Amino acid sequence: MTSFTFTLNGTTTTVDAPPDEPLLWVLRDRLGVTGPKYGCGVGVCRACTSHLDGAAFNPCITPVGDCAGRAVTTIEGLADGAALHPVQQAWIDEDVAQCGFCQPGQIMAAAALLAANPHPSDADIDALENVCRCGTYFRIRRAIHRAAG
Ligand code: FES
Ligand code: FES
């Protein structure tokens, strides 16, 4: 076990874990942060998508040792207090979610996309690789355009 300190949703956080343990396990099993979902564990489904220093990343394939001293944001930290992030509000307005399992990752991917590209095209949105088994892709596209507006 090694001690690692990073910023988690704005709070300095220290956790003991093996250096090669994926951050997703650290978040969910050691810190009780369960917004990032475990789908594949190999960086394909994107259900765990969160932000590392503001960019989308997949904690299931990122060792906790790579996160020391950096800023991790999960869906739990996206809102500004009681004020929802525009992407979260757009998701509600467009009634995007079905089962909901993929949605934290979808929202975090969308927020990172809009931070980098405030007015994405349909093609930009369709390039997101987050999988939704319920097929909410058309509502996701509408919600991202709404949030961009
Ligand atoms: S659980 Fe991380 S990409 Fe699938
Ligand atoms: S809403 Fe069910 S998997 Fe996306």
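Let me sum up the structure you'll find in this document. (Residues numbered from 1 in each chain as written. Chains lettered and ligands numbered in written order. Predicted model: local features only at pLDDT ≥ 70, side-chain atom pairs only at ≥ 80, totals over all residues. Heavy atoms only, no water.)

1. Some remarks on the pairing of strand E2 (residues 11-17)
Bridge count between strand E1 (residues 2-8) and E2: seven bridges; the pairing is antiparallel. Each residue of the ladder has a partner; that of Thr7, found in E2, is Thr12. Where E1 folds back onto E2 in an antiparallel hairpin, the turn is made up of two residues, including Asn9, whose phi is positive at roughly 50°. (Pairing = 2+ DSSP bridges. Helix = DSSP H or I, 4+ residues; strand = E, 2+ residues; numbered from the N terminus.)

2. A short note on unusual backbone geometry
Backbone geometry places Arg46, a non-glycine residue, at a positive phi of 70°. For Arg46, a relative accessible area of 24% translates into the label partly exposed. (Buried < 20%, exposed > 50% of the residue type's maximum accessible area, 1.4 Å probe, protein only.)

3. As for the environment of Glu76
Counting through the fold element by element, Glu76 comes out in the loop between strand E5 (71-73) and helix H2 (86-93). Residue classification places Glu76 among the partly exposed residues on the basis of a relative accessible area of 43%. Distance in space between the C-alpha atoms of Glu76 and Pro104 is 8.9 Å, their sequence separation being 28 residues. For Glu76, the contacting residues outside a window of four places in its chain are Asn9, Val33, Thr34, Gly35 and Pro36. Polar contacts involving the side chain of Glu76 include one to the main-chain amide nitrogen of Gly35, which spans 2.6 Å. (Contact = heavy atoms within 4.5 Å. Polar contact = N/O pair within 3.5 Å; in protein donor to acceptor, adjacent residues only side chain to side chain.)

4. So, the pattern of salt bridges
For the structure on display, the rule yields eight salt bridges. Ionic pairing is found between Asp93 and Arg146, a salt bridge with its closest N-O pair at 3.6 Å. Residue Asp93 is located in helix H2, and its partner Arg146 is located in helix H5 (residues 137-148); the two are separated by 53 residues in the primary sequence. Using a relative accessible area of 39% as the deciding quantity, one classes Asp93 as partly exposed. For Arg146, a relative accessible area of 41% gives the class partly exposed. Here Glu94 and Arg146 are joined by a salt bridge, their closest N and O atoms 3.0 Å apart. Of this pair, Glu94 sits in the loop between H2 and helix H3 (103-116) while Arg146 sits in helix H5, and the two are 52 residues apart along the sequence. Each of Asp93, Glu94, Arg142 and Arg146 takes part in salt bridges that share partners, so that together they form one network. (Salt bridge = Lys/Arg side-chain N within 4 Å of Asp/Glu carboxyl O.)

5. Here's the deal with the sheet that holds strand E4 (residues 55-57)
Within the open sheet, the five strands sit side by side as E2-E1-E5-E3-E4. Their pairing is mixed. A single partner strand is all that each edge strand has here, and the edge strands are E2 and E4. Averaged over all neighbouring strand pairs, the angle between strand axes comes to 40°, with direction disregarded. Pairing of strand E3 (residues 50-52) with E4, which is carried by three bridges, proceeds in the antiparallel orientation. Counted as the bridge partner of Ser50 is Phe57 from E4. (Axes fitted to C-alpha atoms, helices over the stretch in contact; angles between N-to-C directions.)

6. Some points on H2
Among all positions in H2, only Val87, Gln88, Ala90 and Trp91 are buried. Viewed along the axis of H2, the buried residues span an arc of 160°, placing them on a single side of the element. Those residues of H2 that are buried lie in contact with H3 and H5. (Arc of directions from axis to C-beta.)

7. Side note on H5
Taking 1.5 Å as the rise per residue, H5 with 12 residues should run 16 Å; its terminal C-alpha atoms sit 16 Å apart, in good agreement. Of the residues making up H5, those classed as buried are Ile140, Ala143, Ile144, Ala147 and Ala148. The arc enclosing the buried residues of H5, seen along the axis, measures out at 135°, which places them on a common side. Where H5 is buried, its residues contact H2, H3 and helix H4 (122-126). (Expected span 1.5 Å × (residues − 1).)

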